[in-house]
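# Examination of the molecular architecture
Given next are the chains, with one letter for each unit.
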Amino acid sequence: MNNYQLKHLQELESESIYVLRETAAQFNNPAILFSGGKDSIVVTHLAYKAFYPAKLPFPLLHIDTGHNFPETIEYRDALAQKLGAQLIVGSVQESIDIGRVKEETGFYASRNKLQTVTLLDSIEKYKFDACIGGARRDEEKARAKERFFSHRDEFGQWNPKNQRPELWNIFNGRKNQGEHFRVFPISNWTEMDVWQYILAEKIEMPSLYFSHQRQVFMRDGQWLAFAPFIKLKPDEKVETKTVRCRTIGDVTCTGVTLSQAANVEEIIAETAATRVTERGGRTDDKRSDTAMEDRKKEGYF
């Protein structure tokens, strides 16, 4: 990595740490939305650096669909223990059991959308006034509309037309009773920036990101990981392939990529060469042309 790249990463890091410190200063009860994906891991690492040697001032809030990769849960628990961080888990299964949401059925059934209700219920239960996420503007067109401090109304909903100007990195965290903010410290980062930062900082990552053998099946031109709760179509068959994840979410909607990239350097090289977007394998984004924006307006991450 050359000096220009290192300087670029240092500038991004400085900006993100500034946003995190502003969050701690302006809000009474913030939390980190931790998914176990690379972006939330980098945000957690940045928060640790921002307040070191003090203890991480934010709890980790994970919305568990019950259909997560086992590797994600193992990594989450190990990281929380390593950092001495409070871990709060909101359960989609519990939301289903008490009738707050209804389980989807059919071949394309997923619990990904159901996370919204569980997330909003968790925010209300623990009275979080800011939730720090790892969304980046380069990921998806709806996320490109976000500010660093993204306002949510009393119903947890996002209105892209009602966001506040952030001139000269002056953030307005004022809100009415019942409202909250989503905060996105790495908004200006790209997928390549994230991986180069992971390399520079030697951040330990879940094994899912590196090439490994996994049972998969092809659906609509995309390889998906197989799990017992997934209903296969008659013409779909399970095969064992060498794959890795580029983005991690609910098993039912997280596509995998055929890859031999076994370390961060190889992932960086692969990312530089690919012409498929990072979320190109996320089937939840393909339910409609405005799938992400629709979910965000309802209170999604």
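In case you missed it, the structure is sitting above this.
The present account deals with the structure reproduced in this document.

Criteria and thresholds
- Residues numbered from 1 in each chain as written.
- Predicted model: local features only at pLDDT ≥ 70, side-chain atom pairs only at ≥ 80, totals over all residues.
- Heavy atoms only, no water.
- Buried < 20%, exposed > 50% of the residue type's maximum accessible area, 1.4 Å probe, protein only.
- Helix = DSSP H or I, 4+ residues; strand = E, 2+ residues; numbered from the N terminus.
- Arc of directions from axis to C-beta.
- Contact = heavy atoms within 4.5 Å.
- Polar contact = N/O pair within 3.5 Å; in protein donor to acceptor, adjacent residues only side chain to side chain.
- Salt bridge = Lys/Arg side-chain N within 4 Å of Asp/Glu carboxyl O.
- Pairing = 2+ DSSP bridges.
- Axes fitted to C-alpha atoms, helices over the stretch in contact; angles between N-to-C directions.

## A few points about helix H7 (residues 264-273)
In an α-helix, one turn spans 3.6 residues, which is why side chains three or four residues apart end up on the same side. Of the residues making up H7, those classed as buried are Val 264, Ile 267, Ile 268 and Thr 271. Axial view of H7: buried residues confined to an arc of 100°, hence all on one face. Contact partners of the buried residues in H7: helix H6 (191-201) and strand E9 (239-244). The backbone nitrogen of Glu 265 has a side-chain oxygen 3.2 Å away, supplied by the residue at the start of H7, namely Asn 263.

## Considerations on the pattern of salt bridges
In total, this model carries 15 salt bridges according to the counting rule given. A salt bridge links Asp 39 to Arg 136; the shortest N-O distance between them is 2.9 Å. Of this pair, Asp 39 sits in helix H2 (residues 38-51) while Arg 136 sits in the loop between strand E4 (130-132) and strand E5 (149-152); the two residues are 97 residues apart in sequence, bridging distant segments of the chain. Judged by relative accessible area, which is 1%, Arg 136 ranks as buried.

## Here we look at the sheet that holds E4
A sheet is described by the order of its strands in space; here six strands give the open sequence E3-E2-E1-E4-E6-E5, paired in mixed fashion. The sheet is open, and its two edges are formed by strand E3 (87-91) and E5, each paired on a single side. Between one strand and the next, the sheet's axes are offset by a mean angle of 30°, whatever the strand orientation. Pairing of strand E1 (residues 30-33) with strand E2 (residues 60-64), which is carried by two bridges, proceeds in the parallel orientation. Counted as the bridge partner of Ile 32 is Leu 60 from E2. Along the sheet face, helix H1 (residues 3-26) touches E1, E4, E5 and strand E6 (180-183) and points at about 40° away from the line of E5.

Interpretation note: all reported values are geometric properties and have no functional meaning in isolation.
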